[in-house]
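The residues making up each chain are set out below.
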Amino acid sequence: MSGRATILLVEDEVALREGISFQLERAEYAVVAVESGELALAAARAESPDLVLLDINLPGIDGLEVCQKLRAGGYNLPVLLLTARGDEIDRVVGLEVGADDYIVKPFSSRELLARIKAHLRRERRRNETSAEPLPCEEVPAVSLDPLQREARREGRLLDLTPREFDLLQVLITHKGQVLTREQLLEKVWGYDFEGESRVVNVTIGRLRDKLETDPSHPRHLLTVRGVGYRFVL
């Protein structure tokens, strides 16, 4: 990522779209603003953005389907959902289809810019790390290749999102150690905002579904009640 980062903003409310665009441009981001899911997919192909701000409630193709199509198309850039207060179910579903984070309306420009900065910083670090020849992390039945960003269980390639891979890598690197949700937010998402631990819980659940033989009785990704999570052999 070099020069100004490009943000793809997908928001159908004109006033909000213009207001967010203004704030992003003031922060020296390049902005591509569109009002529908169809235009969002076209803009992603044409503009190669570094991050997507995606409203859930869009006309036509909604934000959840846009996110799903982006991931299916191989787009590994950060996707942040813009959601209305109280849409808890939609936020959880959004994380399940591959979104990295969500921001609840109404939000301050300070919070929005802090989230964007954190995700772009994390993405930059990931890209720098992927260019380095790092050794594979291996534990019984699980292997992790940071260079190829691939994880396997008993030789079977796991279909992980970028955030799921990062989370698994942090847990394996600290295997046996209990990590709090706040520590995981900082290490994996690059920020530590109070009250946002739900994103960790949902991503852990998705990771268990893909890694564990019986996700309802996990053997490797364990919950330490009232504290956080740890990876065990």
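Residues numbered from 1 in each chain as written. Predicted model: local features only at pLDDT ≥ 70, side-chain atom pairs only at ≥ 80, totals over all residues. Heavy atoms only, no water.

Participant: What's the story with unusual backbone geometry in this structure? I'm lost.
Facilitator: Residues apart from glycine generally show negative phi values, whereas peptide bonds are mostly found in trans. The step from K105 to P106 runs through a cis peptide bond, and the omega angle for that step is -10°. Here the phi dihedral of S48 falls at roughly 50°; this positive angle occurs in a residue that is not glycine. Locating S48 in the fold gives a position in the loop between α2 (37–47) and β3 (51–55). One non-glycine residue, E154, lies in the positive phi region at around 50°. Looking at the secondary structure, you find E154 in the loop between β8 (150–153) and β9 (156–157). (Helix = DSSP H or I, 4+ residues; strand = E, 2+ residues; numbered from the N terminus.)

Participant: I keep staring at the sheet that holds strand β12 (residues 228–231) and nothing clicks. Help me out?
Facilitator: Within a sheet, neighbouring strands are paired by backbone hydrogen bonds and run either parallel or antiparallel to one another. Judged by pairing direction, the sheet is antiparallel, and its three strands sit side by side in the order β10-β12-β11 without closing on themselves. One side of each edge strand has no neighbouring strand; the edge strands of this open sheet are β10 (179–180) and β11 (221–224). Inspection of the sheet shows β10 paired to β12 by two bridges, in the antiparallel sense. Paired with T180 across the strands is G228, a residue of β12. (Pairing = 2+ DSSP bridges.)

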